[in-house]
Amino acid sequence: MPLQHWKPIVKKWLKAGYIFNREFNPTGAGTPQGGTISPLLANVALDQMETDLIEHLRGIKGWKSKIGRTKVSLVRNEKTKKDYKYRMSLRLEIIRYADDFVVIHEDKAVIEESKRYIEQWLEVRGLTLSEEKTKIVPSTEGFNFLGCHIRHYENRIKGTYKLKLLNGEKADIKKANATHVLRIEPMKEKVIAHWRKVSDKIWSMRTAPAAALIKELQPIITGWANVYKEFHASEAYSKLDMLLYQRLMQWSKRRHPNKGVKWVVDKYFGHVNGRNWVFMDKRGGKVVASLRGHFHGRRPY
């Protein structure tokens, strides 16, 4: 079905109710957040927003040079060997994922006008911006987006490492001379929530055998680590692995209150594939199961 035919249907769903088992169910609450249909409705409702915003900003007198040209070029990704459409000369960045989006530009006036226009654009469609989530901040202060904290930090590269970069390739020289560096890290709230989930799981299985605990923990750790493996997550991984070791040591001591620390360590911790202090289940001198932490729990590319 063409996209323009979807819009009146979506508008009806948003206002009137939902369909379940081929029956229409009226409701005054709208579409529930987190449902499988929610991202689709958001994409349909917000379609064309980016294009309309760019055209509006370029239409303001004297702003064409600020916004840049909208010519679409094909750029080849060396990793995937595929060509992607990209506006090379556009100086305004709009990133949207379902109903979450961010607008990036070096001029605050452009951002403020973008916010004003988007509010009007959404109002026509019966939508509004969230006052709690909508913020205008400099990149040096950072912002949260899709579970990540994105921020420009002052470049602190100096000393012999900086000299080494200056004598390297073009990319290394650019890295050494940059005034700021961009870091995309896991949000603190996401790290805390993940650790609470891991800690609660360990506590709930305080009487279970080590192999069962490893079987339950590994998917939780691997899944979360994979989400952030493309970003600057090494500090979060290190912190979480340290807390994980401490919590598992506590779990081990609790199971054997009359044994010494050395006995507990020999029973539940060991060396596996170059990794020390690995939590494991040993039977008859053989390792039956071992737990990979956040650093080593990520799936390879």
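Criteria and thresholds
- Residues numbered from 1 in each chain as written.
- Predicted model: local features only at pLDDT ≥ 70, side-chain atom pairs only at ≥ 80, totals over all residues.
- Heavy atoms only, no water.
- Axes fitted to C-alpha atoms, helices over the stretch in contact; angles between N-to-C directions.
- Helix = DSSP H or I, 4+ residues; strand = E, 2+ residues; numbered from the N terminus.
- Parallel < 35°, antiparallel > 145°, perpendicular 65-115°, else oblique.
- Left-handed = near helix turned anticlockwise from the far one by under 90°.
- Contact = heavy atoms within 4.5 Å.
- Buried < 20%, exposed > 50% of the residue type's maximum accessible area, 1.4 Å probe, protein only.
- Arc of directions from axis to C-beta.
- Polar contact = N/O pair within 3.5 Å; in protein donor to acceptor, adjacent residues only side chain to side chain.
- pLDDT = per-residue confidence, 0-100.
- Pairing = 2+ DSSP bridges.
- Core = buried A, V, L, I, M, F, W, Y, C linked by side-chain atoms within 4.5 Å.
- Phe/Tyr/Trp six-rings, centres within 6.5 Å; stacked < 30°, edge-to-face > 60°.

## Quick word on the packing of helix 3 (residues 49–59) against helix 5 (residues 108–124)
Their axes nearest at 10 Å, the elements helix 3 and helix 5 cross at an angle of 130°. In terms of their interaxial angle, helix 3 and helix 5 are classed as oblique. Judged by the sense of rotation from one axis to the other, the crossing of helix 3 with helix 5 is right-handed. The segment helix 3 lies against helix 5, with Met49, Asp52, Leu53, His56 and Leu57 engaging Val110, Glu113, Ser114, Arg116, Tyr117, Ile118 and Trp121.

## Digging into helix 11 (residues 261–268)
Those residues of helix 11 lying buried are Val264, Val265 and Tyr268. One side of helix 11 holds all its buried residues, which, seen down the axis, span an arc of 100°. Lining the buried residues of helix 11 we find helix 9 (210–227), helix 10 (234–255), strand 10 (269–272) and strand 11 (275–283).

## Some remarks on helix 2 (residues 38–45)
Within helix 2, burial applies to Ser38, Leu41, Ala42, Val44 and Ala45. One side of helix 2 carries all its buried residues, which in axial view fall inside an arc of 165°.

## Quick look at unusual backbone geometry
The phi dihedral of Lys81 is positive, around 60°, even though this residue is not glycine. Inspection of the secondary structure puts Lys81 in the loop between strand 3 (73–77) and strand 4 (82–86). Residue Asn273 is not a glycine yet carries a positive backbone phi of 50°. Structurally, Asn273 is set in the loop between strand 10 and strand 11.

## Considering the side chain of Glu185
For Glu185, the position within the fold is in strand 9 (residues 180–186). Among the polar contacts made by the side chain of Glu185, one reaches the side chain of Tyr153 at a distance of 3.3 Å. Discounting residues that sit within four places of it in the chain, Glu185 has contacts with Gly147, Cys148, His149, Tyr153, His232 and Glu235.

## Overview of the confidence of the model for the protein
Model confidence for the protein is summarised by a mean pLDDT of 85, while 86% of its residues fall at 70 or above. When the elements of the protein are averaged for pLDDT, helix 1 (residues 3–16) gives the smallest value, 50, and helix 8 (residues 188–204) the largest, 96. Between residues 12–16, whose pLDDT stays under 50, and residues either more than four places distant or in other chains, the model counts 13 contacts.

## Considerations on the pairing of strand 5 (residues 93–97)
In this sheet, strand 6 (residues 100–104) lies alongside strand 5 in antiparallel orientation, the contact comprising five bridges. Its bridge partner being in strand 6, Glu93 is matched across the sheet by Ile104. Adjacent in sequence and paired antiparallel, strand 5 and strand 6 are bridged by two residues, among which Ala98 carries a positive phi angle near 60°.

## A closer look at the sheet that holds strand 9
Pairing in this open sheet of three strands is antiparallel, and the strands run 7-8-9 from one edge to the other. At either margin of the open sheet sits one strand with a lone partner, and together these are strand 7 (143–145) and strand 9. Across the sheet, the mean angle from the axis of one strand to that of its neighbour is 30°, orientation sign disregarded. Pairing geometry for strand 8 (residues 148–154) and strand 9, over seven bridges, is antiparallel. Residue Glu154 lies in a different strand from strand 9, and its bridge partner there is His180.

## Structural notes on the nonpolar core
Of all hydrophobic cores here, the largest spans 31 residues; its most connected members are Ile202, Leu213, Leu217, Leu244, Leu248, Phe279 and Leu291. For this core, the elements supplying multiple residues, two or more each, are helix 8, helix 9, helix 10 and helix 11. If you look at the next biggest cluster of nonpolar residues, it comprises 17 residues, including Leu46, Trp63, Leu90 and Val103.

## Considerations on the packing of aromatic side chains
Throughout the structure, instances matching the rule amount to eleven aromatic pairs. Between Tyr245 and Phe269, the aromatic rings sit 5.7 Å apart at their centres with planes inclined by 70°, giving edge-to-face as the arrangement. One end of the pair, Tyr245, is in helix 10; the other, Phe269, is in strand 10, with 24 residues separating them in the sequence. Residue class for Tyr245 comes out partly exposed when judged on its relative accessible area of 31%. On the numbers, 5.6 Å between centres and 85° between planes, the contact of Trp251 with Phe279 is edge-to-face. Of the two residues, Trp251 is situated in helix 10 and Phe279 in strand 11; the sequence distance between them amounts to 28 residues. The same class applies to Trp251 as to Phe279, namely buried.

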